[in-house]
Amino acid sequence: MGAPLLPLWYGTLFGAPLVAAGRDLAAPLLAVDEVCKIAFAAVFMHGALRLSGRSRTAAVAGAVLYAFSSYVIVGGGWTILSVEAAYLALLLYAAERGRRTGAGARGPSAGALIALCFPMFLYLDALAVAAWILARATGVRDVVATGARVAACGALGVALGAALLFPTLWLVLHSPRGSGEVSYAAALLAQPPWELASAHELRTAAARLLSADLLGTGDAFSGWGNYLEAPLYACGVATLLLVPQVFALGDRSVRRRYGAAFAVVVAGTFFPFLSNAL
């Protein structure tokens, strides 16, 4: 019940070739498929960072840390999450290119690919791009101009991908996992807004900040929730060493912007209602 005729990743750049390869070749090609996603994410994240003014070394380091983050690697085992990470890198590249040069040709492509992939990712990636624009913008006018350009290009892309967007959206809305008596929506939103996360959940978040595998893998995972749905914060030890330098060496504007982003993440970790509401 609730299963689509085609898998959710059928409409992606990476999933369609697996289907076309046939049953016998699909399994061994999954490894190649994941490597392609990692490369795709790294290339476009590098482009976004270079356009944002980062040095070549910093852009390469940031792209590698992003492409090998726990969300990409662990999510790759479920195929669809690593696809989202790859498309998000393309969307950030399109947003930064549009902001710097006024060219938004890649925005519709990113929007169409995300729409073909999974409709929920449109919402989540829009939040990520909004955070990127707020962190990069130099003023209110820049935020409005860049946001309007990205939104327009993204809307055009969603329209181009509507052939598979609406059938998949219908699937999500009518799936027993998304509605009906087995839906978690009512239970999650019934949680008091200021209720703190359990100690077990906070310990899991702290451990998975260092490594996704620190508490075990697969069925041997001993943290809160399960191996996939527990917090996936790990993005390389280098990130943990570099983030404090933002507050130590950045100017007042930088500290304010990234401090706000850090506060949102911390609040979502300590108060689960906030992350559930999103």
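Further up the page is the structure itself.
To start, this report covers the structure provided alongside it. (Residues numbered from 1 in each chain as written. Predicted model: local features only at pLDDT ≥ 70, side-chain atom pairs only at ≥ 80, totals over all residues. Heavy atoms only, no water.)

1. Topic: the overall build of the protein
Then, in step 1: Scanning the protein from terminus to terminus reveals 14 helices and 0 strands.
Then, in step 2: Start at the N end of the protein and walk to the C end: the helices and strands fall as α-α-α-α-α-α-α-α-α-α-α-α-α-α.
Then, in step 3: Every one of the 278 residues in the protein was classed for burial, and the buried ones make up 36%.
Then, in step 4: When contacts within the protein are restricted to residue pairs at least 6 apart in sequence, those whose partners lie at least 24 apart make up 63%. (Helix = DSSP H or I, 4+ residues; strand = E, 2+ residues; numbered from the N terminus. Buried < 20%, exposed > 50% of the residue type's maximum accessible area, 1.4 Å probe, protein only. Contact = heavy atoms within 4.5 Å.)

2. Description of helix α8 (residues 140-160)
Then, in step 1: For α8, spanning 21 residues, the distance from its first C-alpha to its last is 30 Å, which sits close to the expected 30 Å at 1.5 Å a residue.
Then, in step 2: Within α8, the full set of buried residues consists of Asp 142, Thr 146, Val 150, Cys 153, Gly 154 and Gly 157. Down the axis, α8 shows its buried residues gathered within 100 degrees of arc, on one side only. Opposite its buried face, α8 presents the exposed residues Val 140, Arg 141, Val 144 and Ala 159, each directed more than 90 degrees away. (Expected span 1.5 Å × (residues − 1). Arc of directions from axis to C-beta.)

3. A word on the pattern of salt bridges
Then, in step 1: Counted by the stated rule, this structure contains 2 salt bridges.
Then, in step 2: We note a salt bridge from Lys 37 to Asp 33, for which the minimum N-O separation is 3.3 Å. You can see Lys 37 and its partner Asp 33 sitting in helix α2 (residues 23-51), 4 residues apart, about one turn around the helix. The exposure classification of Lys 37 matches that of Asp 33, with both residues buried.
Then, in step 3: One salt bridge connects Glu 34 with Lys 37, and the closest N-O pair in it is separated by 2.7 Å. Here the residue Glu 34 and the residue Lys 37 both occupy positions in helix α2, the gap between them amounting to 3 residues, near one helical turn.
Then, in step 4: On the basis of relative accessibility, which here comes to 17%, the residue Glu 34 falls in the buried class.
Then, in step 5: Here Lys 37 falls in the buried class, since its relative accessible area comes to 2%.
Then, in step 6: In this structure, a network of salt bridges that share partners links the residues Asp 33, Glu 34 and Lys 37. (Salt bridge = Lys/Arg side-chain N within 4 Å of Asp/Glu carboxyl O.)

4. Describing a nonpolar patch on the surface
Then, in step 1: Taken together, the side chains of Leu 209, Leu 210, Leu 214, Tyr 233, Leu 240 and Val 265 make up a nonpolar region of the molecular surface, amounting to roughly 500 Å² of accessible area.
Then, in step 2: Its location among the elements puts Leu 214 in the loop between α11 (199-210) and α12 (237-249). (Patch = residues over 30% accessible without salt bridge, like charges linked within 9 Å, V, L, I, M, F, W, Y side chains within 5 Å. Areas by Shrake-Rupley, 256 points an atom, 1.4 Å probe, with all protein chains shown as cover.)

5. Digging into helix α7 (residues 119-136)
Then, in step 1: Between the first and last C-alpha of α7 there are 26 Å, a value that for 18 residues agrees with the 26 Å anticipated at 1.5 Å per step.
Then, in step 2: Turning to α7, its buried residues number three or more, namely Pro 119, Phe 121, Asp 125, Val 129, Trp 132, Ile 133 and Arg 136. On an axial view of α7, the arc spanned by its buried residues comes to 105 degrees, and they lie on one face.

6. A closer look at the packing of aromatic side chains
Then, in step 1: Counted according to the given criterion, the structure contains 6 aromatic pairs.
Then, in step 2: An aromatic cluster is defined as three or more aromatic residues linked by ring pairs; in this entry it consists of Phe 40, Phe 44, Tyr 87 and Tyr 93. (Phe/Tyr/Trp six-rings, centres within 6.5 Å; stacked < 30°, edge-to-face > 60°.)

7. Brief notes about the nonpolar core
Then, in step 1: Residues Met 45, Tyr 66, Tyr 87, Leu 92 and Val 129 are the most contacted members of the largest nonpolar core, which totals 42 residues.
Then, in step 2: Mapped by element, the contributors of at least two residues to this core are α2, α3 (56-67), α4 (70-75), α5 (80-101), α6 (106-117) and α7.
Then, in step 3: Element by element, the count of residues in this core is highest for α5, at 13 residues.
Then, in step 4: With residues up to four places along the chain from it excluded, the contact list for Tyr 66 reads Ala 41, Met 45, Val 72, Ala 85, Leu 88, Ala 89 and Cys 235. (Core = buried A, V, L, I, M, F, W, Y, C linked by side-chain atoms within 4.5 Å.)

8. Details of the environment of Val 35
Then, in step 1: Here Val 35 shows up in helix α2.
Then, in step 2: You can call Val 35 exposed: its relative accessible area is 54%.
Then, in step 3: Along the chain, Val 35 and Ile 73 lie 38 residues apart, while their C-alpha atoms are 9.9 Å from each other.

9. A closer look at the packing of α7 against α8
Then, in step 1: The N-to-C vectors of α7 and α8 enclose an angle of 155 degrees; their axes lie 10 Å apart at closest approach. Judged by the angle between their axes, α7 and α8 are roughly antiparallel. When you trace α7 past α8, the crossing you get is right-handed. Contacts from Leu 122, Val 129, Ile 133, Leu 134 and Arg 136 of α7 reach α8 at Asp 142, Val 143, Thr 146, Gly 147, Val 150 and Val 158.
Then, in step 2: Broken down by class, the residue content of the contact of α7 with α8 amounts to 7 nonpolar, 2 polar and 2 charged. (Axes fitted to C-alpha atoms, helices over the stretch in contact; angles between N-to-C directions. Parallel < 35°, antiparallel > 145°, perpendicular 65-115°, else oblique. Left-handed = near helix turned anticlockwise from the far one by under 90°. Nonpolar A, V, L, I, M, F, W, Y, C, P; charged D, E, K, R; others polar.)

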